[in-house]
Amino acid sequence: MNSKAAAAPMPDWDLVRAFLAVVEAGSLTRAATQLNTSQPTLSRQIAALEAQTGAALFERTTRGLSLTEAGEALVEPARRMQAAAQALSLAVAGRAHMLAGTVRLTASEMMSAYVLPPVLAQLRTAHPEIEIELVASNRIDNLLAREADIAIRMVRPEQGSLVTRHVADYPLGFYAHADYLAGRPPVTPNTLADHDWVGLDQSPQLIDGFRAAGFAIDRHFFAFRCDNQIVGWEAVRAGLGIGITMQRVAACDPDLVRLLPEFAVPPLPVWLTAHRELRATPRMRIVFDALATALAA
(Lines give C-alpha, C1' and ligand atoms only; values in the text may rest on other atoms or scores of the structure.)
Protein backbone atom coordinates (compact mmCIF):
# COMPACT_ATOMS: atom_id res chain seq x y z
CA MET A 1 0.00 0.00 0.00
CA ASN A 2 1.32 3.40 -0.96
CA SER A 3 1.87 5.45 2.20
CA LYS A 4 1.96 8.75 0.37
CA ALA A 5 -1.25 10.75 0.47
CA ALA A 6 -2.82 11.46 -2.87
CA ALA A 7 -2.25 15.03 -4.11
CA ALA A 8 -5.25 17.32 -3.77
CA PRO A 9 -6.80 18.29 -7.14
CA MET A 10 -5.97 21.77 -8.44
CA PRO A 11 -9.03 24.02 -7.97
CA ASP A 12 -10.69 25.25 -11.16
CA TRP A 13 -9.85 28.95 -11.65
CA ASP A 14 -13.42 29.73 -12.71
CA LEU A 15 -14.65 28.37 -9.37
CA VAL A 16 -12.06 30.37 -7.44
CA ARG A 17 -12.96 33.53 -9.35
CA ALA A 18 -16.64 32.94 -8.53
CA PHE A 19 -15.75 32.48 -4.85
CA LEU A 20 -13.77 35.76 -4.73
CA ALA A 21 -16.56 37.63 -6.50
CA VAL A 22 -19.05 36.52 -3.83
CA VAL A 23 -16.59 37.40 -1.06
CA GLU A 24 -16.12 40.92 -2.42
CA ALA A 25 -19.76 41.53 -3.38
CA GLY A 26 -21.28 40.03 -0.25
CA SER A 27 -24.15 38.42 -2.15
CA LEU A 28 -24.75 36.02 -5.00
CA THR A 29 -26.92 38.54 -6.85
CA ARG A 30 -24.34 41.32 -6.89
CA ALA A 31 -21.52 38.90 -7.70
CA ALA A 32 -23.48 37.40 -10.60
CA THR A 33 -24.03 40.89 -12.03
CA GLN A 34 -20.31 41.70 -11.79
CA LEU A 35 -19.37 38.44 -13.51
CA ASN A 36 -22.11 38.82 -16.12
CA THR A 37 -23.56 35.43 -15.26
CA SER A 38 -26.72 34.10 -13.64
CA GLN A 39 -27.25 33.51 -9.93
CA PRO A 40 -28.04 29.77 -10.42
CA THR A 41 -24.78 29.33 -12.37
CA LEU A 42 -22.85 31.11 -9.64
CA SER A 43 -24.53 28.99 -6.96
CA ARG A 44 -23.49 25.81 -8.81
CA GLN A 45 -19.90 27.07 -9.03
CA ILE A 46 -19.78 27.75 -5.28
CA ALA A 47 -21.29 24.32 -4.60
CA ALA A 48 -18.67 22.69 -6.85
CA LEU A 49 -15.84 24.44 -5.00
CA GLU A 50 -17.34 23.40 -1.66
CA ALA A 51 -17.42 19.82 -2.94
CA GLN A 52 -13.73 20.06 -3.87
CA THR A 53 -12.75 21.52 -0.49
CA GLY A 54 -15.10 19.27 1.49
CA ALA A 55 -16.49 22.15 3.55
CA ALA A 56 -19.14 24.84 3.41
CA LEU A 57 -17.60 28.20 2.48
CA PHE A 58 -20.54 30.53 3.22
CA GLU A 59 -23.44 30.68 5.62
CA ARG A 60 -26.54 32.81 5.22
CA THR A 61 -27.18 35.55 7.79
CA THR A 62 -29.69 38.37 8.08
CA ARG A 63 -27.10 40.63 6.42
CA GLY A 64 -26.46 38.27 3.52
CA LEU A 65 -23.66 35.78 3.07
CA SER A 66 -20.96 35.35 5.68
CA LEU A 67 -17.74 33.37 5.34
CA THR A 68 -17.35 30.20 7.36
CA GLU A 69 -14.03 29.32 8.99
CA ALA A 70 -13.19 27.21 5.95
CA GLY A 71 -14.12 30.08 3.67
CA GLU A 72 -11.92 32.52 5.60
CA ALA A 73 -8.97 30.15 5.23
CA LEU A 74 -9.50 30.05 1.46
CA VAL A 75 -9.58 33.82 0.83
CA GLU A 76 -5.84 34.60 0.84
CA PRO A 77 -4.79 31.56 -1.26
CA ALA A 78 -7.58 32.44 -3.70
CA ARG A 79 -6.32 36.01 -3.97
CA ARG A 80 -2.80 34.77 -4.62
CA MET A 81 -4.19 32.55 -7.36
CA GLN A 82 -6.02 35.58 -8.80
CA ALA A 83 -2.82 37.64 -8.77
CA ALA A 84 -0.95 34.83 -10.52
CA ALA A 85 -3.66 34.54 -13.18
CA GLN A 86 -3.54 38.29 -13.79
CA ALA A 87 0.25 38.25 -14.02
CA LEU A 88 0.07 35.39 -16.54
CA SER A 89 -2.49 37.29 -18.60
CA LEU A 90 -0.31 40.40 -18.61
CA ALA A 91 2.78 38.41 -19.56
CA VAL A 92 1.00 36.77 -22.49
CA ALA A 93 -0.46 40.09 -23.66
CA GLY A 94 2.88 41.85 -23.29
CA ARG A 95 4.50 39.38 -25.66
CA ALA A 96 1.86 39.66 -28.33
CA HIS A 97 4.10 41.49 -30.79
CA MET A 98 1.68 41.51 -33.70
CA LEU A 99 0.37 44.99 -34.42
CA ALA A 100 -3.12 43.77 -35.30
CA GLY A 101 -5.48 43.31 -32.37
CA THR A 102 -7.66 45.09 -29.86
CA VAL A 103 -6.79 47.87 -27.46
CA ARG A 104 -9.28 48.55 -24.68
CA LEU A 105 -9.48 52.12 -23.41
CA THR A 106 -11.35 53.68 -20.52
CA ALA A 107 -12.13 57.37 -20.11
CA SER A 108 -14.74 59.62 -18.54
CA GLU A 109 -18.11 60.05 -20.21
CA MET A 110 -17.32 63.60 -21.37
CA MET A 111 -13.89 62.65 -22.68
CA SER A 112 -15.34 59.60 -24.45
CA ALA A 113 -18.18 61.50 -26.10
CA TYR A 114 -16.63 64.85 -27.00
CA VAL A 115 -12.83 64.56 -27.10
CA LEU A 116 -11.88 61.03 -28.15
CA PRO A 117 -14.02 60.36 -31.29
CA PRO A 118 -11.98 62.55 -33.69
CA VAL A 119 -8.75 61.34 -32.07
CA LEU A 120 -9.75 57.70 -32.56
CA ALA A 121 -10.90 58.40 -36.12
CA GLN A 122 -7.40 59.62 -36.98
CA LEU A 123 -5.90 56.58 -35.25
CA ARG A 124 -8.11 54.21 -37.25
CA THR A 125 -7.14 55.91 -40.49
CA ALA A 126 -3.45 55.52 -39.69
CA HIS A 127 -3.74 51.98 -38.24
CA PRO A 128 -6.89 50.19 -39.49
CA GLU A 129 -5.52 46.88 -38.19
CA ILE A 130 -5.96 48.06 -34.58
CA GLU A 131 -9.43 47.62 -33.10
CA ILE A 132 -10.55 49.94 -30.30
CA GLU A 133 -12.85 49.18 -27.38
CA LEU A 134 -13.87 52.16 -25.26
CA VAL A 135 -15.34 51.97 -21.75
CA ALA A 136 -17.06 55.31 -21.13
CA SER A 137 -17.17 55.49 -17.36
CA ASN A 138 -16.43 58.00 -14.62
CA ARG A 139 -15.26 55.27 -12.27
CA ILE A 140 -11.57 54.40 -12.14
CA ASP A 141 -11.08 51.03 -13.81
CA ASN A 142 -8.40 48.77 -12.44
CA LEU A 143 -5.68 48.42 -15.07
CA LEU A 144 -3.99 45.72 -13.01
CA ALA A 145 -7.08 43.53 -13.34
CA ARG A 146 -7.09 44.09 -17.13
CA GLU A 147 -10.43 45.90 -17.15
CA ALA A 148 -8.69 48.21 -19.61
CA ASP A 149 -5.32 48.38 -21.35
CA ILE A 150 -5.00 52.18 -21.33
CA ALA A 151 -6.83 54.66 -19.11
CA ILE A 152 -7.36 58.40 -19.46
CA ARG A 153 -7.89 59.80 -16.00
CA MET A 154 -8.37 63.15 -14.32
CA VAL A 155 -6.49 62.05 -11.20
CA ARG A 156 -2.97 60.67 -10.96
CA PRO A 157 -2.93 56.87 -10.53
CA GLU A 158 -1.17 55.59 -7.44
CA GLN A 159 -0.15 52.09 -8.55
CA GLY A 160 3.62 51.93 -8.96
CA SER A 161 3.45 49.27 -11.67
CA LEU A 162 1.78 51.62 -14.16
CA VAL A 163 3.34 53.81 -16.82
CA THR A 164 1.87 57.25 -16.18
CA ARG A 165 2.17 60.41 -18.25
CA HIS A 166 0.69 63.81 -17.47
CA VAL A 167 -0.28 64.94 -20.97
CA ALA A 168 -2.25 68.16 -20.40
CA ASP A 169 -4.26 70.43 -18.14
CA TYR A 170 -7.63 71.20 -19.69
CA PRO A 171 -8.96 74.65 -18.74
CA LEU A 172 -12.62 74.84 -17.69
CA GLY A 173 -15.12 77.62 -18.18
CA PHE A 174 -18.72 78.71 -17.60
CA TYR A 175 -20.93 78.53 -20.69
CA ALA A 176 -24.51 79.14 -21.78
CA HIS A 177 -26.31 78.98 -25.11
CA ALA A 178 -26.94 82.29 -26.85
CA ASP A 179 -30.69 81.57 -26.84
CA TYR A 180 -30.68 81.25 -23.05
CA LEU A 181 -28.88 84.57 -22.62
CA ALA A 182 -31.18 86.49 -24.95
CA GLY A 183 -33.26 88.99 -22.97
CA ARG A 184 -31.78 87.99 -19.61
CA PRO A 185 -29.70 90.18 -17.29
CA PRO A 186 -25.92 90.03 -17.69
CA VAL A 187 -24.19 87.21 -15.86
CA THR A 188 -21.94 88.71 -13.17
CA PRO A 189 -20.75 87.52 -9.75
CA ASN A 190 -23.62 89.55 -8.26
CA THR A 191 -26.36 88.03 -10.47
CA LEU A 192 -25.52 84.34 -10.20
CA ALA A 193 -28.71 83.57 -8.30
CA ASP A 194 -30.80 85.34 -10.95
CA HIS A 195 -29.90 82.69 -13.54
CA ASP A 196 -30.65 79.03 -14.15
CA TRP A 197 -27.74 76.68 -13.56
CA VAL A 198 -27.11 73.13 -14.70
CA GLY A 199 -25.49 71.00 -12.03
CA LEU A 200 -25.08 67.56 -10.54
CA ASP A 201 -27.72 65.59 -8.67
CA GLN A 202 -26.13 63.30 -6.07
CA SER A 203 -22.52 64.44 -6.42
CA PRO A 204 -21.53 67.42 -4.22
CA GLN A 205 -18.59 68.33 -6.48
CA LEU A 206 -20.01 71.57 -7.89
CA ILE A 207 -21.54 72.69 -4.60
CA ASP A 208 -18.19 72.22 -2.90
CA GLY A 209 -16.49 74.20 -5.66
CA PHE A 210 -18.87 77.14 -5.36
CA ARG A 211 -18.57 77.15 -1.59
CA ALA A 212 -14.78 77.09 -1.82
CA ALA A 213 -15.05 80.19 -4.03
CA GLY A 214 -17.14 81.97 -1.37
CA PHE A 215 -20.67 81.31 -2.65
CA ALA A 216 -22.90 79.68 -0.02
CA ILE A 217 -25.21 77.60 -2.21
CA ASP A 218 -27.09 74.32 -1.91
CA ARG A 219 -28.43 71.89 -4.50
CA HIS A 220 -31.48 74.12 -5.17
CA PHE A 221 -29.13 76.67 -6.75
CA PHE A 222 -29.15 74.36 -9.79
CA ALA A 223 -32.43 74.45 -11.70
CA PHE A 224 -31.50 71.29 -13.61
CA ARG A 225 -29.56 68.46 -11.95
CA CYS A 226 -28.17 65.25 -13.43
CA ASP A 227 -25.08 63.22 -12.52
CA ASN A 228 -24.63 62.06 -16.11
CA GLN A 229 -22.25 64.70 -17.41
CA ILE A 230 -23.19 64.17 -21.05
CA VAL A 231 -26.87 64.82 -20.26
CA GLY A 232 -25.91 67.90 -18.24
CA TRP A 233 -23.81 69.29 -21.08
CA GLU A 234 -26.56 68.66 -23.64
CA ALA A 235 -28.93 70.50 -21.30
CA VAL A 236 -26.61 73.53 -21.45
CA ARG A 237 -26.49 73.30 -25.24
CA ALA A 238 -30.31 73.14 -25.30
CA GLY A 239 -30.56 76.39 -23.35
CA LEU A 240 -31.59 75.11 -19.92
CA GLY A 241 -29.01 77.23 -18.14
CA ILE A 242 -25.36 77.88 -17.36
CA GLY A 243 -22.93 75.01 -16.97
CA ILE A 244 -19.24 74.26 -16.55
CA THR A 245 -17.18 72.21 -18.99
CA MET A 246 -13.81 71.90 -20.70
CA GLN A 247 -13.04 74.87 -22.96
CA ARG A 248 -11.89 72.33 -25.56
CA VAL A 249 -15.40 70.84 -25.66
CA ALA A 250 -17.26 74.16 -25.63
CA ALA A 251 -15.19 75.50 -28.52
CA CYS A 252 -16.88 72.96 -30.81
CA ASP A 253 -20.26 74.74 -30.53
CA PRO A 254 -20.30 78.30 -31.95
CA ASP A 255 -23.66 79.06 -30.28
CA LEU A 256 -22.15 78.82 -26.80
CA VAL A 257 -20.98 81.93 -24.97
CA ARG A 258 -18.24 81.86 -22.38
CA LEU A 259 -19.20 83.64 -19.14
CA LEU A 260 -17.41 84.87 -16.02
CA PRO A 261 -13.87 84.61 -17.46
CA GLU A 262 -12.59 86.37 -14.34
CA PHE A 263 -13.35 83.24 -12.29
CA ALA A 264 -10.21 81.10 -11.98
CA VAL A 265 -11.62 77.57 -12.25
CA PRO A 266 -8.93 74.93 -11.53
CA PRO A 267 -8.11 73.02 -14.75
CA LEU A 268 -8.62 69.31 -15.24
CA PRO A 269 -5.34 67.39 -15.29
CA VAL A 270 -5.25 64.64 -17.92
CA TRP A 271 -3.23 61.51 -17.10
CA LEU A 272 -2.55 58.72 -19.54
CA THR A 273 -1.74 55.36 -17.97
CA ALA A 274 -0.96 51.81 -19.03
CA HIS A 275 0.56 48.73 -17.46
CA ARG A 276 4.36 48.58 -17.88
CA GLU A 277 4.31 45.24 -19.69
CA LEU A 278 1.56 46.28 -22.07
CA ARG A 279 3.35 49.54 -22.85
CA ALA A 280 6.05 47.47 -24.60
CA THR A 281 3.53 45.81 -26.93
CA PRO A 282 3.65 47.49 -30.38
CA ARG A 283 -0.06 48.22 -30.79
CA MET A 284 -0.35 49.44 -27.19
CA ARG A 285 2.65 51.70 -27.68
CA ILE A 286 1.18 53.13 -30.90
CA VAL A 287 -2.19 53.88 -29.27
CA PHE A 288 -0.58 55.26 -26.11
CA ASP A 289 1.68 57.61 -28.05
CA ALA A 290 -1.11 58.69 -30.42
CA LEU A 291 -3.36 59.52 -27.49
CA ALA A 292 -0.60 61.41 -25.69
CA THR A 293 0.07 63.57 -28.78
CA ALA A 294 -3.60 64.25 -29.58
CA LEU A 295 -4.71 64.98 -26.02
CA ALA A 296 -1.84 67.39 -25.51
CA ALA A 297 -2.63 69.32 -28.70
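Residues numbered from 1 in each chain as written. Predicted model: local features only at pLDDT ≥ 70, side-chain atom pairs only at ≥ 80, totals over all residues. Heavy atoms only, no water.

Next up on the list: helix α8 (residues 229-237). Every buried residue of α8 is accounted for by Gly232, Trp233, Ala235 and Val236. Taken end-on, α8 shows its buried residues confined to a sector of 155°, consistent with a single buried face. Gly239 occupies a position one or two residues after α8 and carries a positive phi of about 95°. (Buried < 20%, exposed > 50% of the residue type's maximum accessible area, 1.4 Å probe, protein only. Helix = DSSP H or I, 4+ residues; strand = E, 2+ residues; numbered from the N terminus. Arc of directions from axis to C-beta.)

Bringing the pattern of salt bridges into the picture now. Pairing is possible between side chains that carry opposite charge, provided their charged atoms lie close to one another. One pass over the structure, following the stated rule, counts 7 salt bridges. Put simply, Arg104 and Glu133 hold a salt bridge, and the shortest N to O gap is 3.0 Å. Placement of the pair is Arg104 in strand β3 (residues 101-107) and Glu133 in strand β4 (residues 130-136), with a sequence separation of 29 residues. A relative accessible area of 32% places Arg104 in the partly exposed class. The salt bridge involving Arg219 is made with Asp201; its shortest N-O contact spans 2.6 Å. Placement of Arg219 in the loop between α7 (205-212) and β9 (224-225) and of Asp201 in the loop between β8 (198-199) and α7 is noted, with a sequence separation of 18 residues between them. (Salt bridge = Lys/Arg side-chain N within 4 Å of Asp/Glu carboxyl O.)

Moving on, we come to unusual backbone geometry. Residues other than glycine seldom take positive phi values, yet Asn36 does so here, at roughly 55°. The class for Asn36 is exposed, based on a relative accessible area of 72%. Even without glycine at this site, Leu260 takes up a positive phi of about 50°. Position of Leu260 among the secondary structure elements: in the loop between β11 (256-259) and β12 (268-275).

Confidence along the chain averages 87 in pLDDT terms, with 90% of residues attaining 70 or more. Contacts from residues 1-5, a stretch scored under 50 in pLDDT, to residues over four places away or in other chains number 0 contacts. (pLDDT = per-residue confidence, 0-100. Contact = heavy atoms within 4.5 Å.)

Below, the discussion takes up helix α2 (residues 28-35). Of the positions making up α2, those classed as buried are Leu28, Ala31 and Ala32. Considered in projection along α2, the buried side chains sweep an arc of 100° and stay on one side of the axis. Of the exposed residues in α2, those oriented more than 90 degrees away from the buried face are Thr33 and Gln34. Where α2 is buried, its residues meet α1 (13-25), α3 (39-53), β1 (58-61) and β2 (64-67).

This paragraph deals with the packing of aromatic side chains. Taken as a whole and judged by the stated rule, the model has 12 aromatic pairs. Summarising the aromatic geometry, the rings of Tyr175 and Trp233 are spaced 6.5 Å apart at their centres and angled 90° between planes, so their arrangement reads as edge-to-face. Of the two residues, Tyr175 sits in strand β7 (residues 172-177) while Trp233 sits in helix α8, which places them 58 residues apart along the sequence. Measuring from centroid to centroid gives 5.2 Å for Phe221 and Phe222, while their planes differ by 85°, and the two rings are edge-to-face. Through a chain of ring-to-ring contacts, the aromatic side chains of Phe174, Trp197, Phe210, Phe215, Phe221, Phe222 and Phe263 assemble into a single cluster. (Phe/Tyr/Trp six-rings, centres within 6.5 Å; stacked < 30°, edge-to-face > 60°.)

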